[in-house]
Amino acid sequence: MGKPRLRIGLIGTGFMGKAHAFGFAAAQRVFNLPFELELHTVADRDETLAAAAARTLGFTRSSGDWRSLVADPEIDLIDITAPNAFHREMALAAIANGKHVYCEKPLAPTAAEAREMADAAAAAKIKTQVGFNYLCNPMLGLAREMIRAGEIGDVRSYRGIHAEDYMADASTPFGFRHEPAGGGALADIGSHALATAEFLLGPIERVMGDCVTAIASRLDGRGGHRVVTVDDTSRAFLRFASGASGSIEASWIATGRKMQHDFEVYGTKGALLFTQERLNELHVYSMADAAGRRGFRRIEAGPEHEPYGLFCVAPGHQLGFNDLKAIEVARFMEAIAGLGPEPFDFRAGQRIQMLVETIQASAREGRWLDIA
């Protein structure tokens, strides 16, 4: 007998929609998935766009109305890559129709909405996944393994940053990311820095935030300007439950930066350094090395770092962003089949939004705040 079929409905066909479609296609060829995946229907804001996306991305059908996907009894999984403001309505509708849901981050514009979504998923006993595919990098898994094994001793401090420059030009027009529901730089990309920090070191207990709007207005596309109220750059000091302290920074106006998702972890016996711009490398410093021989050494990703070997049998040949999406898809399929835990479910996504909102509240109030 063949594998059971799992039919996918994708909502949204922009950059992330394409990345998700690639993830499904690649995962089926790289991994021994518990399902035979079918790219069933893709939806966009009108039928013309949806039909073009279906041809490009390999979906059998298309629709100009996302509601037709969540109501379709043939579809098993709804994948949401639409703008943040639509996530709640789409996810709740999918859950109400008994669909599993894969949703890009941030999960929702507010922690309250994210909680509603997580509660609904739990009540319906369906599986969920939030798109934090950077956490699927074998080098991040290795870093966490080394930290937990005590290889760098007791962790004293942490620094994380996610910086890009796609909003650095003040002439870039006002878009959905500048709406309050868009969340600003902290919610849009700082969420990755927060997720990585907790992935490596465990829960954050207290935060002290600073959020800055550097470009106060943007062109509105109609010859005028719109006031911007969301942050362009945010920073936060952190206190972890483990006793470690640290900081994170998020910026979408970091001129020249295209994909800086970096972290530094400093312990009593050594340190770890990582940059997403060289995502197949982890740098390690060890106090066990002899004096005069100490320095950061590079660990290069290879088949020893699962699941790298499923993509390539030789080290140094490099995984990429879309490969991490394929790993994320494969792990979610295992969760749906009951073969493993949900890698980053709606409850985890809710927590990230709660961290974002607590940092924002701390910035407004000018004081340290505990994480609820």
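Look a little higher up for the structure.
A brief structural summary. Not measured: the values here are computed from a predicted model.

**A few points about the environment of H305**
Take H305: it is sitting in the loop between β16 (297-300) and α8 (308-311). Once the C-alpha coordinates of H305 and E365 are considered, the two residues, 60 residues apart in sequence, prove to be 44 Å apart. When sequence neighbours within four positions are dropped, the list of residues in contact with H305 reads P138, M139, L142, I299 and E300.

**Concerning unusual backbone geometry**
For the bond from K105 to P106, the omega torsion is -10°, close enough to zero to count as cis. Topologically, P106 is positioned in the loop between β5 (100-104) and α5 (111-124). The residue after E306, namely P307, is reached through a cis peptide bond having omega 0°. Among the secondary structure elements, P307 is positioned in the loop between β16 and α8. Although it is not a glycine, K125 adopts a positive phi angle of roughly 55°.

**Notes on the sheet that holds strand β8 (residues 204-212)**
If you trace the nine strands from one edge of the open sheet to the other, you get β16-β15-β14-β13-β7-β12-β11-β8-β17, paired in mixed fashion. Either end of the sheet is taken by a strand with one partner, and the two such strands are β16 and β17 (369-370). Taken together, the eight bridges between β8 and strand β11 (residues 233-240) define a ladder with antiparallel strand orientation. Along β11, the bridge assignment pairs V212 with T233. Against the sheet, helix α6 (residues 138-148) touches β7 (155-163), β13 (260-267), β14 (270-275), β15 (281-286) and β16, its axis set at about 20° to β15. Against the sheet, helix α7 (residues 184-201) contacts β7, β8, β11, β12 (245-251) and β13, and its axis sits at roughly 150° relative to β12.

**Thoughts on the side chain of Q350**
Residue placement: Q350 occurs in helix α10 (residues 346-365). Side-chain polar atoms of Q350 contact the side chain of R347, separated by 2.8 Å. Beyond its immediate chain neighbours, meaning those up to four positions away, Q350 contacts L107, A111, A114, R115 and A118.

**Looking at the environment of S362**
Relative to the helices and strands, S362 is located in helix α10. For the pair formed by S362 and A288, sequence separation is 74 residues and the distance between their alpha carbons is 40 Å. If sequence neighbours within four positions are ignored, S362 has contacts with V207, M208, G209, R367 and L369. Among the polar contacts made by the side chain of S362, one reaches the main-chain amide nitrogen of G209 at a distance of 2.8 Å.

**Some details on empty space enclosed by the protein**
Here the idea is plain: a probe the size of a water molecule rolls over the atoms and shows the empty space left. Within this structure, the stated rule accounts for one cavity of 30 Å³ or more. The calculated volume of the largest cavity comes to roughly 30 Å³. Around the largest cavity, the lining residues are K105, P106, L107, V130, F132, S191, G349, I352 and Q353. Among the elements that line the lining of the largest cavity, the one with the most residues is α10, at three residues.

**What to know about the layout of surface pockets**
Looking at the largest pocket, its volume works out to about 890 Å³. Forming the walls of the largest pocket are 35 residues, and the residues nearest its centre are M16, T81, A82, F176 and R177. If you list the elements that add at least two residues to the lining of the largest pocket, you get α1 (15-30), α4 (87-96) and α7. For the lining of the largest pocket, the leading source of residues is α7, giving three residues.

**Considering the pattern of salt bridges**
Taken as a whole and judged by the stated rule, the model has 23 salt bridges. Taken together, the salt bridges that share partners define one network made up of R5, R7 and E38.

**Section: α5**
With 14 residues, α5 should reach 20 Å at 1.5 Å per residue; the first-to-last C-alpha distance of 20 Å fits that figure. Of all the positions in α5, only A111, A114, M117, A118 and A121 are classed as buried. Angularly, the buried residues of α5 cover 120° about the axis, an arc narrow enough to put them on a single face. What points out from α5, more than 90 degrees from its buried face, is the exposed set A112 and A123. Against α4, β6 (128-131) and α10 lie the buried residues of α5. Downstream of α5 by a residue or two, K125 has a phi angle that is positive, lying close to 55°.

**Considerations on the environment of G98**
Its location among the elements puts G98 in the loop between α4 and β5. When its relative accessible area of 48% is taken as the criterion, G98 is described as partly exposed. Sequence-wise, G98 and L77 are 21 residues apart; in three dimensions their C-alpha atoms are separated by 8.9 Å.

Parameters at a glance
Residues numbered from 1 in each chain as written. Predicted model: local features only at pLDDT ≥ 70, side-chain atom pairs only at ≥ 80, totals over all residues. Heavy atoms only, no water. Helix = DSSP H or I, 4+ residues; strand = E, 2+ residues; numbered from the N terminus. Contact = heavy atoms within 4.5 Å. Pairing = 2+ DSSP bridges. Axes fitted to C-alpha atoms, helices over the stretch in contact; angles between N-to-C directions. Polar contact = N/O pair within 3.5 Å; in protein donor to acceptor, adjacent residues only side chain to side chain. 1 Å grid on protein atoms, 1.4 Å probe; cavity = no way out; pocket = protein on both sides within 12 Å on 5 of 7 lines; lining within 4 Å. Points joined across faces, edges and corners; volume = space filled by probe spheres on them. Salt bridge = Lys/Arg side-chain N within 4 Å of Asp/Glu carboxyl O. Expected span 1.5 Å × (residues − 1). Buried < 20%, exposed > 50% of the residue type's maximum accessible area, 1.4 Å probe, protein only. Arc of directions from axis to C-beta.

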